[in-house]
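The primary structure of each chain is shown beneath.
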Amino acid sequence: MAEHVVATDPAVPETHAHGDDHHSPEHIKREMRVYLYVLGALAVLTAATVAARFYLHLPTGQAIALALAIASIKGFLVAGFFMHLLSEKKLIYAILILTVVFFGILLWLPVHEVIDKF
Amino acid sequence: MDGHLVTADAHGHAAAAHHDFEIPFTVHPRPDTGIYNGKLGIWLFLASEVMLFGALFSSLILIRTSAPVWPRGWEELHVVPATVNTAVLILSSVFVVLAWANLRLGNEKAGRGFIAATLLCGFGFMGIKAYEYSLSLGHGHFPKTNNFFAIYFTMTGLHGLHVLGGMIVFAYFLGPGWKMWHTERARFTNRIEIVGLYWHFVDLVWIFLFPTLYLL
């Protein structure tokens, strides 16, 4: 589902991908069910994040790792399903790869500084 | 200049227009990129937003690891309202994607209802955030108090401004912007997808802000 233009509504022109079912009402309704499953997963993971803080009593390092791991899973669900990054065009992936590289550098700079202290 | 501009229609075909300019590829994907222009634009914008928030997260790491003592977020801040806000924002993300899906199906009423629900969630988020700020300020915690509160107010304040920006766009689409649904449905639906991508990004930032500031 890369470029989304209404194709199920007869008032709207279908633009591409003739023959694929990405714009069929059945496909869209299937997607809507998936969104609700993702909502459920996000709710459970949010509760898990808070519960881990107050019930697991982990050392700081482990607590940070766990909280960021859960946040990353939630981020994957939002980006993958709500932002449709699981099935995007190559150009979007190229933009994001470049972004991730520079974002990584931004985060690496302070981490590098911390590592140098020890 | 004789007042005639050479423009391109939604298919990218050149066409003569009189005193108006039609933005090309607002509905149909460009053949070379495979996506319509608005979508490419919002992703480029979101890439710049990643760097903006990335710089702040980078600063947070540096300030936190350099500090001899760092306050515990769950002791200084208010976890319950923040958890509720997380749920509200996640719910709003689902609403906006359901609005878009319903508009693709041609369901105007449901689409409009879900956009209104998204806007309502935005108001809910901002209201809870204001309550939370009032609690912090009431306890004498200001941005000048220490580095923890400086970065807390900076990051949540900037995030709140992004929520406000999204709310303004949703309010526009619910109001005067809805006219386009009756004239150019595909273009309008694409607009909802674009604002939806922005809204999901705002949700995504909060997903990382919440544990980083409140729970660690």
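Residues numbered from 1 in each chain as written. Chains lettered and ligands numbered in written order. Predicted model: local features only at pLDDT ≥ 70, side-chain atom pairs only at ≥ 80, totals over all residues. Heavy atoms only, no water.

Q: Let's hear about a nonpolar patch on the surface: which residues, and what values?
A: Taken together, Ile97(A), Leu98(A), Val101(A), Phe102(A), Ile105(A), Trp108(A) and Leu109(A) make up a surface patch of nonpolar side chains, about 710 Å² in accessible area. Summarising the element assignment, Phe102(A) is placed in helix 3 (residues 90-117). (Patch = residues over 30% accessible without salt bridge, like charges linked within 9 Å, V, L, I, M, F, W, Y side chains within 5 Å. Areas by Shrake-Rupley, 256 points an atom, 1.4 Å probe, with all protein chains shown as cover. Salt bridge = Lys/Arg side-chain N within 4 Å of Asp/Glu carboxyl O. Helix = DSSP H or I, 4+ residues; strand = E, 2+ residues; numbered from the N terminus.)

Q: Provide a residue-level description of the pattern of salt bridges, including the pertinent values.
A: Applying the stated criterion to the full structure yields 7 salt bridges over all chains. The partner of Glu193(B) in a salt bridge is Lys39(B), with the nearest N and O atoms 3.2 Å apart. Remark: Lys39(B) occurs in helix 1 (residues 37-66) and Glu193(B) occurs in helix 7 (residues 185-215); sequence separation between them is 154 residues. Judged by its relative accessible area of 4%, Glu193(B) falls in the buried class. Between Arg72(B) and Glu75(B) there is a salt bridge, and its shortest N-O distance comes to 3.4 Å. One salt-bridge network, in which partners are shared between bridges, spans Glu88(A), Lys39(B) and Glu193(B). (Buried < 20%, exposed > 50% of the residue type's maximum accessible area, 1.4 Å probe, protein only.)

Q: Tell me about helix 7 of chain B, and name the residues and values.
A: All names here are of chain B. With 31 residues, helix 7 extends 44 Å between its outermost C-alpha atoms, agreeing within 8% with the 45 Å of an ideal straight helix rising 1.5 Å per residue. By the largest-angle criterion, Leu-209 marks the main kink of helix 7, which is about 30°, and a proline, Pro-211, follows within four residues. Most of helix 7 is tucked away: 28 of the 31 residues are buried. (Expected span 1.5 Å × (residues − 1). Bend = angle between axes of the 7 residues up to and from the residue.)

Q: Give a description of the packing of aromatic side chains that names residues and reports values.
A: For the coordinates displayed, the defined rule picks out 21 aromatic pairs over all chains. Relative to Tyr214(B), the ring of Tyr152(B) has its centre 6.0 Å away and its plane inclined at 85°; by these criteria the two rings are edge-to-face. Residue Tyr152(B) is found in helix 5 (residues 147-174), and its partner Tyr214(B) is found in helix 7; the two are separated by 62 residues along the sequence. Each member of the pair Tyr152(B) and Tyr214(B) is classed as buried. Every member of this aromatic cluster is reached through a ring pair, and the members are Trp70(B), Phe125(B), Tyr133(B), Phe148(B), Phe149(B), Tyr152(B), Phe153(B), Trp206(B), Phe210(B) and Tyr214(B). Its guanidinium or amino end placed over the ring of Trp74(B), Arg53(A) lies 3.7 Å from that ring's centre, counting from NZ or CZ. Of note, Arg104(B) hangs over the ring of Trp100(B), and the distance from its end group to the ring centre comes to 4.4 Å. (Phe/Tyr/Trp six-rings, centres within 6.5 Å; stacked < 30°, edge-to-face > 60°. Lys NZ or Arg CZ within 6 Å of the ring centre and 35° of its normal.)

Q: Tell me about unusual backbone geometry, residues and numbers included.
A: Within the chain, His57(A) stands out as a residue other than glycine whose phi angle is a positive 50°. For His57(A), the position within the fold is in the loop between helix 1 (25-56) and helix 2 (60-82).

Q: How would you explain the interface of chain A and chain B if you had to name every residue and give the values?
A: Each partner contributes to the interface: chain A provides 60 residues, whereas chain B provides 59 residues. Summing both partners gives a buried area of about 4,900 Å² for chain A against chain B, and 80% of it is carried by carbon and sulfur. For the pair chain A and chain B, the number of links is 2 salt bridges. With a shortest N-O distance of 3.0 Å, Glu31(A) and Arg104(B) are connected by a salt bridge. Remark: the boundary between chain A and chain B carries 4 residue pairs in polar contact (both at pLDDT 80 or more). (Contact = heavy atoms within 4.5 Å. Buried area = accessible area lost by both parts, 1.4 Å probe. Polar contact = N/O pair within 3.5 Å; in protein donor to acceptor, adjacent residues only side chain to side chain.)

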